[in-house]
Amino acid sequence: MSQMVEVAAAEHRHFGALVTIRVGEQPARRLTPNEAGILSRALAAVANGASAEKQIFMSPIASDHEFEAFAQDDGVAVKAPGCPDIFLDWTQTRALAEALARLAG
(Lines give C-alpha, C1' and ligand atoms only; values in the text may rest on other atoms or scores of the structure.)
Protein backbone atom coordinates (compact mmCIF):
# COMPACT_ATOMS: atom_id res chain seq x y z
CA MET A 1 0.00 0.00 0.00
CA SER A 2 1.20 3.47 -0.81
CA GLN A 3 2.32 5.79 1.99
CA MET A 4 -0.45 8.15 0.91
CA VAL A 5 -3.20 5.56 1.55
CA GLU A 6 -3.85 3.78 4.83
CA VAL A 7 -6.57 1.21 5.49
CA ALA A 8 -7.07 0.01 9.05
CA ALA A 9 -9.55 -1.85 11.22
CA ALA A 10 -11.34 0.26 13.81
CA GLU A 11 -14.03 -0.18 16.41
CA HIS A 12 -17.01 2.08 17.07
CA ARG A 13 -19.09 1.90 20.21
CA HIS A 14 -22.38 1.90 18.25
CA PHE A 15 -21.47 0.45 14.85
CA GLY A 16 -18.99 -2.19 16.02
CA ALA A 17 -16.25 -3.19 13.58
CA LEU A 18 -15.34 -0.54 11.01
CA VAL A 19 -12.75 -0.02 8.30
CA THR A 20 -11.00 3.36 8.17
CA ILE A 21 -9.52 4.76 4.95
CA ARG A 22 -7.06 7.64 5.09
CA VAL A 23 -5.98 9.12 1.74
CA GLY A 24 -3.28 11.79 1.93
CA GLU A 25 -4.42 14.79 3.95
CA GLN A 26 -8.08 14.14 3.19
CA PRO A 27 -10.46 13.40 6.08
CA ALA A 28 -10.70 9.78 7.19
CA ARG A 29 -13.65 7.77 5.94
CA ARG A 30 -15.15 5.08 8.19
CA LEU A 31 -16.97 2.19 6.52
CA THR A 32 -18.84 -0.83 7.81
CA PRO A 33 -17.29 -4.14 6.68
CA ASN A 34 -20.16 -4.53 4.19
CA GLU A 35 -19.49 -1.06 2.74
CA ALA A 36 -15.76 -1.84 2.56
CA GLY A 37 -16.56 -4.97 0.56
CA ILE A 38 -18.79 -3.06 -1.84
CA LEU A 39 -16.19 -0.33 -2.35
CA SER A 40 -13.48 -2.96 -2.82
CA ARG A 41 -15.42 -4.67 -5.60
CA ALA A 42 -16.20 -1.34 -7.31
CA LEU A 43 -12.55 -0.23 -7.27
CA ALA A 44 -11.34 -3.63 -8.49
CA ALA A 45 -13.90 -3.71 -11.32
CA VAL A 46 -12.83 -0.30 -12.58
CA ALA A 47 -9.10 -1.05 -12.17
CA ASN A 48 -9.40 -4.38 -13.98
CA GLY A 49 -11.48 -2.98 -16.85
CA ALA A 50 -14.58 -4.99 -15.90
CA SER A 51 -16.61 -1.80 -15.38
CA ALA A 52 -16.83 1.31 -17.53
CA GLU A 53 -17.97 3.44 -14.59
CA LYS A 54 -16.22 6.79 -14.37
CA GLN A 55 -17.34 7.72 -10.85
CA ILE A 56 -17.25 5.66 -7.66
CA PHE A 57 -19.25 7.22 -4.84
CA MET A 58 -20.18 5.97 -1.39
CA SER A 59 -21.69 7.79 1.56
CA PRO A 60 -20.73 5.49 4.43
CA ILE A 61 -23.19 5.24 7.30
CA ALA A 62 -20.54 5.62 10.04
CA SER A 63 -18.57 8.47 8.43
CA ASP A 64 -18.94 12.21 8.20
CA HIS A 65 -17.20 12.12 4.80
CA GLU A 66 -18.10 10.49 1.50
CA PHE A 67 -15.73 8.48 -0.64
CA GLU A 68 -15.61 9.77 -4.21
CA ALA A 69 -13.20 8.80 -6.95
CA PHE A 70 -13.16 9.50 -10.68
CA ALA A 71 -11.65 6.98 -13.08
CA GLN A 72 -9.11 8.27 -15.57
CA ASP A 73 -7.06 6.46 -18.22
CA ASP A 74 -4.27 5.54 -15.81
CA GLY A 75 -5.94 5.40 -12.38
CA VAL A 76 -8.44 7.14 -10.12
CA ALA A 77 -8.51 10.59 -8.56
CA VAL A 78 -9.87 10.47 -4.99
CA LYS A 79 -11.66 13.69 -4.09
CA ALA A 80 -12.69 15.40 -0.87
CA PRO A 81 -14.21 18.88 -0.50
CA GLY A 82 -11.59 21.50 0.36
CA CYS A 83 -8.67 19.07 -0.11
CA PRO A 84 -6.33 18.34 -2.98
CA ASP A 85 -7.24 15.35 -5.14
CA ILE A 86 -5.10 12.28 -4.56
CA PHE A 87 -4.26 10.28 -7.68
CA LEU A 88 -3.90 6.50 -7.39
CA ASP A 89 -2.57 4.60 -10.37
CA TRP A 90 -4.11 1.22 -11.18
CA THR A 91 -1.59 -0.67 -9.04
CA GLN A 92 -2.41 1.53 -6.05
CA THR A 93 -6.14 1.27 -6.78
CA ARG A 94 -5.93 -2.53 -6.80
CA ALA A 95 -3.93 -2.47 -3.56
CA LEU A 96 -6.63 -0.31 -1.95
CA ALA A 97 -9.32 -2.72 -3.19
CA GLU A 98 -7.39 -5.71 -1.78
CA ALA A 99 -6.84 -4.03 1.60
CA LEU A 100 -10.55 -3.20 1.84
CA ALA A 101 -11.49 -6.76 0.88
CA ARG A 102 -9.23 -8.23 3.58
CA LEU A 103 -10.83 -6.10 6.29
CA ALA A 104 -14.34 -6.60 4.94
CA GLY A 105 -14.00 -10.21 6.01
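Enquirer: I keep staring at the overall build of the chain and nothing clicks. Help me out?
Expert: Of the regular secondary structure elements, the chain holds 2 helices and 7 strands. The secondary structure elements of the chain, listed N-terminal to C-terminal, are β-β-β-α-β-β-β-β-α. Relative to a compact globule of 105 residues, whose C-alpha radius of gyration would be 13 Å, the chain shows 13 Å and is just as compact. Dimensions of the chain along its principal axes, counting C-alpha atoms only, are 40 × 30 × 25 Å. Sorting the 105 residues of the chain into buried and exposed places 40% on the buried side. Long-range contacts, defined here as pairs at least 24 residues apart, represent 44% of the contacts in the chain between residues at least 6 apart. Total accessible area computed for the chain in this model is approximately 5800 Å², and 49% of it derives from carbon and sulfur atoms. Between the centroid of the 9 positive side chains of the chain and the centroid of its 13 negative side chains there is a distance of 4 Å.

Enquirer: What exactly am I supposed to notice about the sheet that holds strand 4 (residues 55-58) here?
Expert: Backbone hydrogen bonds hold the strands of a sheet together, and the pairing may be parallel or antiparallel. The sheet built from 4 strands is open, its strands ordered 4-5-6-7 with antiparallel pairing. This sheet does not close on itself; its edge strands, each paired only once, are strand 4 and strand 7 (86-89). Averaged over all neighbouring strand pairs, the angle between strand axes comes to 20°, with direction disregarded. Judged from the 4 bridges that link them, strand 4 and strand 5 (residues 67-72) form a sheet pairing that is antiparallel. Note on strand 5: the bridge partner recorded for Met-58 is Phe-67. Sheet strands touched by helix 1 (residues 33-47): strand 4 and strand 5. Its angle to strand 4, the strand with the most contacts, is close to 175°. Where helix 2 (residues 90-104) meets the sheet, it contacts strand 5, strand 6 (75-79) and strand 7, and its direction lies at approximately 90° from that of strand 7.

Definitions and limits used
- Residues numbered from 1 in each chain as written.
- Predicted model: local features only at pLDDT ≥ 70, side-chain atom pairs only at ≥ 80, totals over all residues.
- Heavy atoms only, no water.
- Helix = DSSP H or I, 4+ residues; strand = E, 2+ residues; numbered from the N terminus.
- Rg over C-alpha atoms; globule rule 2.2 N^0.38 Å.
- Buried < 20%, exposed > 50% of the residue type's maximum accessible area, 1.4 Å probe, protein only.
- Contact = heavy atoms within 4.5 Å.
- Areas by Shrake-Rupley, 256 points an atom, 1.4 Å probe, with all protein chains shown as cover.
- Lys, Arg positive; Asp, Glu negative; His and termini not counted.
- Charge placed at Lys NZ, Arg CZ, Asp CG, Glu CD.
- Pairing = 2+ DSSP bridges.
- Axes fitted to C-alpha atoms, helices over the stretch in contact; angles between N-to-C directions.

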